[in-house]
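Descriptive structure summary
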Amino acid sequence: ITSWKRCRPGLAPTVLIAECAQMSEISTVFLDIAWLLKEAGHGSAVPARFCLLLFAVLFFAIRVVWATKSTYEVHANHFALARRSGHFLPALYG
């Protein structure tokens, strides 16, 4: 997760955007830990509940808020660059 500060959709190369998209999987770690605790018989313990809380908060913050913002920026920057380059129609349908 060292590259999360470099996430600049629309201004970065495609590889960097894909790398930043992996940030959306951070919440999955806490869901997996909670599942493991449940399977081990500690599903109602404080650590399991804490992991579920972290999962819910991170899921909303990253996948709903951050991903929506980033997707908008990618599209807005893509169309702005296409308009400036004079190749707007191929950018829409290509």
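Residues numbered from 1 in each chain as written. Predicted model: local features only at pLDDT ≥ 70, side-chain atom pairs only at ≥ 80, totals over all residues. Heavy atoms only, no water.

What follows covers the overall build of the protein chain. Secondary structure summary: the protein chain contains four helices and zero strands in total. Starting at the N terminus and walking to the C terminus, you meet the elements of the protein chain as α-α-α-α. If you take every contact in the protein chain between residues at least 6 apart in sequence, the share linking residues at least 24 apart comes to 54%. Here the protein chain displays about 7000 Å² of accessible surface, and carbon together with sulfur accounts for 69% of that area. (Helix = DSSP H or I, 4+ residues; strand = E, 2+ residues; numbered from the N terminus. Contact = heavy atoms within 4.5 Å. Areas by Shrake-Rupley, 256 points an atom, 1.4 Å probe, with all protein chains shown as cover.)

With that out of the way, let us pick up the side chain of serine 27. Inspection of the secondary structure assignment puts serine 27 in helix α2 (residues 26–39). Look at serine 27 and you get buried, because its relative accessible area is 1%. (Buried < 20%, exposed > 50% of the residue type's maximum accessible area, 1.4 Å probe, protein only.)

Another point: the environment of valine 64. Its location among the elements puts valine 64 in helix α3 (residues 46–85). Placed 40 residues apart in sequence, valine 64 and serine 24 show a C-alpha to C-alpha distance of 9.5 Å.

Here we take up the pattern of salt bridges. Evaluation of the coordinates by the stated rule reveals one salt bridge. Ionic pairing is found between arginine 63 and glutamate 25, a salt bridge with its closest N-O pair at 3.3 Å. Here arginine 63, found in helix α3, pairs with glutamate 25, found in the loop between α1 (14–21) and α2; they are 38 residues apart in sequence, far enough to count as distant. Assessed through its relative accessible area of 44%, glutamate 25 is described here as partly exposed. (Salt bridge = Lys/Arg side-chain N within 4 Å of Asp/Glu carboxyl O.)

The grouping of Phe59, Phe60, Val64 and Val65 at the surface amounts to a nonpolar patch, some 330 Å² of accessible area in total. Locating valine 65 in the fold gives a position in helix α3. Under the relative-accessibility criterion, valine 65 is labelled partly exposed at 45%. (Patch = residues over 30% accessible without salt bridge, like charges linked within 9 Å, V, L, I, M, F, W, Y side chains within 5 Å.)

Quick look at the confidence of the model for the protein chain now. Confidence along the protein chain averages 75 in pLDDT terms, with 61% of residues attaining 70 or more. Averaged over each element, pLDDT in the protein chain is lowest for helix α4 (residues 88–93) (53) and highest for α2 (93). Contacts of residues 1–6 to residues separated by more than four positions or lying in other chains number six contacts, the stretch itself having pLDDT below 50. (pLDDT = per-residue confidence, 0-100.)

Quick look at the packing of aromatic side chains now. Following the criterion strictly, the structure yields one aromatic pair and no others. Ring centres 5.7 Å apart and planes at 45° place the aromatic pair phenylalanine 55 and phenylalanine 59 in the tilted group. Pair noted here: phenylalanine 55 and phenylalanine 59 are both in helix α3, with a separation of four residues, about one helical turn. (Phe/Tyr/Trp six-rings, centres within 6.5 Å; stacked < 30°, edge-to-face > 60°.)

All right, on to α2 then. For α2, spanning 14 residues, the distance from its first C-alpha to its last is 21 Å, which sits close to the expected 20 Å at 1.5 Å a residue. Following α2 by one or two positions, glycine 41 has its phi on the positive side, about 90°. (Expected span 1.5 Å × (residues − 1).)

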